[in-house]
Amino acid sequence: MKERLDRVLAHLGLGTRKEVGRLIRAGEVRVDGMVVRDRGFKLDPEAARIELRGEPLHYARHFYVLLYKPAGVITATRSDSEETVLDLLPNDLWRDDLRPVGRLDRDTEGLLLLTTHGTLLHRLTHPRWKVAKVYYAELAADLPADATRRFAAGIAGFAPAGLEVLSPRAARVTLREGKYHQVRRMFAALGSPVAYLLREGFGPLELQGLEPGGARSLEPREVGALLKAVDLG
Ligand code: URA
């Protein structure tokens, strides 16, 4: 499929459409050996040989980034006043068209997937596919004795969820929906408000190995498992 040159370069992480437009106008980009100065030039990025200042660029259709979101950062792509999850990515992982898959509240930490793959994003966040999300929660008041039973029955109008009690004030929750402030609202309904919330797992993905604020590309086997989880693999 043919695409505009500025779009292809932005997708490869070389800057915003405006920034890559400057590179193109300056004659820094070659396509199949020819300098192209028209940012709207159409090419098939999977077939064309694209070079920036003589260095070949390696095209990939989609990108997948796993971020350990720290507290205090918002799940958005742009903000004039606050730090966003995209601001945390190092240059080699940053892409103009990366989008977060679902949301974590400002004060929630943990696993956040970002991808350029629109269909995958849509399915991973759609209730139909029931992708599991695992959270570790610390609570400001002791859990009641019937907490696990009430989560399993469906609390505060939410679907049944798994609750593993780790101590009177700590638990692990497994959900298959993703509604606004869901975990906080579920624990509030028990009378044990959340004091700390960390997402440890999302579908086949796990947080292990990353530090808060750290990010990495998914391994091919992780991409394969994700696609399979929502019938795209
Ligand atoms: N549930 C919440 O309450 N907050 C999150 O960030 C994620 C799930």
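Quick caveat, the model's predicted, so the values are computed rather than measured.

The rules behind these values
Residues numbered from 1 in each chain as written. Predicted model: local features only at pLDDT ≥ 70, side-chain atom pairs only at ≥ 80, totals over all residues. Heavy atoms only, no water. Pairing = 2+ DSSP bridges. Helix = DSSP H or I, 4+ residues; strand = E, 2+ residues; numbered from the N terminus. Contact = heavy atoms within 4.5 Å. Domains from an automatic or database assignment.

A short note on the pairing of strand E13 (residues 194-202)
Moving residue by residue along a regular strand, the side chains alternate between the two faces of the sheet.
Part 1: Judged from the two bridges that link them, strand E9 (residues 109-115) and E13 form a sheet pairing that is parallel. Counted as the bridge partner of Gly110 is Arg199 from E13.
Part 2: Taken together, the seven bridges between strand E10 (residues 133-139) and E13 define a ladder with antiparallel strand orientation. Each residue of the ladder has a partner; that of Glu138, found in E13, is Tyr196.
Part 3: Where E13 lies against strand E14 (residues 205-206), two bridges are found, and the strand directions are antiparallel. By the bridge assignment, Phe202 is partnered in E14 with Leu205.

Digging into the environment of Leu14
Part 1: On the secondary structure map, Leu14 appears in the loop between helix H1 (5-11) and helix H2 (17-25).
Part 2: In the structure, Leu14 is positioned 82 residues away from Asp96 in sequence and 8.7 Å away in space, judged by C-alpha atoms.
Part 3: Among residues more than four places away in sequence, those in contact with Leu14 are Leu9, Val20, Leu23, Leu52 and Leu57.

Observations concerning the domain arrangement of the protein chain
Part 1: Here the protein chain is partitioned into domain 1 (3-57), domain 2 (64-127 + 204-229) and domain 3 (132-202).
Part 2: Between the C-alpha centres of domain 1 and domain 3 the distance comes to 48 Å.

Topic: the sheet that holds strand E2 (residues 29-31)
Part 1: Here we have four strands laid out as an open sheet, ordered E3-E2-E5-E6, and antiparallel in their pairing. If you trace the sheet from one side to the other, it starts and ends with strand E3 (34-35) and strand E6 (55-56), each paired once.
Part 2: Relative to strand E5 (residues 50-52), E2 runs antiparallel, the two being bridged by three bridges. Within E5, the position partnered with Val29 by the bridge is Leu52.

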